[in-house]
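Coordinates in review
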Amino acid sequence: MSEQRTRPVVYAVWLIIASVIGWYAAFQLTVEKFALLEKPQEALGCDLSPFIQCSVNLQSWQGSVFGFPNPIIGLTGWMAPLVVGVAILAGARFPRWFWAAFGAGITFAFGLVCWLIAQSLYSLFVLCPWCMVTWAVTIPTFFATMVHLARNGTFTSNAKVRARAEKLMPWVPLATVIAYALIIFLAQLQGLDFLGEMAKILF
């Protein structure tokens, strides 16, 4: 089987698309952070309602959990999947250690996003529009990456496991929708009034 046929083109294209969207969301949040620093009393462009806004998130300690604004993580972090996606399309092949490191990075991003979702729902009681865009692309990127690492031999060299993982990739969109639905369900349980607006943004 030729390299062209075995190259994970769909996965690579998704990495590029997700990276562009995620980077743009991080850029917009960075711009909003600058605006907030210049004019702290003025509402930001992403402050749509008391429950859908960026200001509360950006001003909270959760918005700078590592000592600097979280959007900086996105501006730098999304470059990795972008480069990997482009490299795959160009025909690059990476060793197992590289995929393990890449998977660790994506897992870290997913874990951070899950934590930020919990903080938004149960501590800050607001949702940041640009943050939700980041969530929306990070979740499927994590699912797709884990399946890809299982099928390309990073997790195991067992041929049967890799073959089964290959069959799981088409189910990533469904798993993503279920994850979105779970977030909306948790928001509903929390009794937040932005449930309808959140559903519009995610879907």
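- Naming follows an unreviewed UniProt entry, where the protein chain appears as Vitamin K epoxide reductase family protein of Microbacterium paraoxydans.
- Database annotation for the protein chain, UniProt heading Sequence similarities (unreviewed entry): "Belongs to the VKOR family."
- Heading Subcellular location (unreviewed entry) of the UniProt record for the protein chain holds this comment: "Membrane".

Digging into the overall build of the protein chain
- What the protein chain contains, in helices and strands, is 10 helices and 0 strands.
- Counting helices and strands in the order they occur from the N terminus, the protein chain gives α-α-α-α-α-α-α-α-α-α.
- Its C-alpha atoms give the protein chain a radius of gyration of 18 Å, near enough to 17 Å, the size a compact globule of 203 residues would have.
- By its C-alpha atoms, the protein chain is 60 × 35 × 25 Å across when sized along the principal axes.
- In the protein chain, which comprises 203 residues, the share counted as buried stands at 44%.
- Across the protein chain, the fraction of contacts at a sequence separation of at least 24, relative to all contacts at a separation of at least 6, is 71%.
- Computed over 12 positive and 8 negative side-chain charges, the separation of the two mean positions in the protein chain equals 24 Å.

Let's talk about the UniProt feature "transmembrane region" (unreviewed entry) in the protein chain
- Under the feature "transmembrane region" (unreviewed entry), the UniProt entry names residues 9-27, 72-90, 97-118, 124-147 and 168-189.
- Across residues 97-118 one finds 100% helix and 0% strand; the C-alpha atoms that close the span lie 32 Å apart.
- Taken end to end, residues 168-189 is 86% helix and 0% strand, and its first and last C-alpha atoms sit 31 Å apart.

Thoughts on the packing of aromatic side chains
- On inspection of all chains with the given rule, the structure shows 13 aromatic pairs.
- Aromatic pair Trp 99 and Phe 102: ring centres 5.8 Å apart, planes at 80°, arrangement edge-to-face. A residue pair is termed a helical-turn pair when its members lie 3 or 4 positions apart in one helix, as Trp 99 and Phe 102 do in helix α6 (residues 96-124) at 3 residues.
- The class for Phe 102 is buried, based on a relative accessible area of 8%.
- Between Phe 142 and Phe 143, the aromatic rings sit 5.9 Å apart at their centres with planes inclined by 55°, giving tilted as the arrangement.
- Taking relative accessible area as the criterion, Phe 142 reaches 14% and is therefore assigned buried.

Details of the UniProt feature "domain: Vitamin K epoxide reductase" (unreviewed entry) in the protein chain
- Residues annotated in UniProt with the feature "domain: Vitamin K epoxide reductase" (unreviewed entry) correspond here to residues 8-149.
- Taken end to end, residues 8-149 is 73% helix and 0% strand, and its two terminal C-alpha atoms sit 11 Å from one another.

Considering the state of the cysteines
- Counted by the stated rule, this structure contains 1 disulfide.
- A sulfur-sulfur distance of 2.1 Å marks the disulfide that ties Cys 46 to Cys 54. We note that Cys 46, like Cys 54, is buried.
- The thiol sulfur of Cys 114 is not disulfide-bonded, and the nearest other cysteine sulfur, from Cys 131, lies at 14 Å.

Notes on a nonpolar patch on the surface
- Judged by side-chain polarity, Val 9, Val 13, Ile 17, Ile 21 and Leu 89 come together as a nonpolar surface patch covering roughly 330 Å² of accessible area.
- Residue position: Ile 21 is located in helix α2 (residues 9-38).

Re the packing of helix α5 (residues 79-89) against α6
- Contact geometry for α5 and α6: axes closest at 11 Å, N-to-C directions at 145°. Taken as a pair, α5 and α6 cross one another with a handedness that is left-handed. Residues Ala 80, Pro 81, Val 84 and Ile 88 of α5 form the contact with α6, whose participating residues are Phe 98, Trp 99 and Phe 102.
- Residues of the contact of α5 with α6, tallied by class, amount to 7 nonpolar, no polar and no charged.

About the criteria used
- Residues numbered from 1 in each chain as written.
- Predicted model: local features only at pLDDT ≥ 70, side-chain atom pairs only at ≥ 80, totals over all residues.
- Heavy atoms only, no water.
- UniProt positions renumbered as here; feature names shortened; annotations may be inferred.
- Helix = DSSP H or I, 4+ residues; strand = E, 2+ residues; numbered from the N terminus.
- Rg over C-alpha atoms; globule rule 2.2 N^0.38 Å.
- Buried < 20%, exposed > 50% of the residue type's maximum accessible area, 1.4 Å probe, protein only.
- Contact = heavy atoms within 4.5 Å.
- Lys, Arg positive; Asp, Glu negative; His and termini not counted.
- Charge placed at Lys NZ, Arg CZ, Asp CG, Glu CD.
- Phe/Tyr/Trp six-rings, centres within 6.5 Å; stacked < 30°, edge-to-face > 60°.
- Disulfide = S-S within 2.5 Å.
- Patch = residues over 30% accessible without salt bridge, like charges linked within 9 Å, V, L, I, M, F, W, Y side chains within 5 Å.
- Areas by Shrake-Rupley, 256 points an atom, 1.4 Å probe, with all protein chains shown as cover.
- Salt bridge = Lys/Arg side-chain N within 4 Å of Asp/Glu carboxyl O.
- Axes fitted to C-alpha atoms, helices over the stretch in contact; angles between N-to-C directions.
- Left-handed = near helix turned anticlockwise from the far one by under 90°.
- Nonpolar A, V, L, I, M, F, W, Y, C, P; charged D, E, K, R; others polar.

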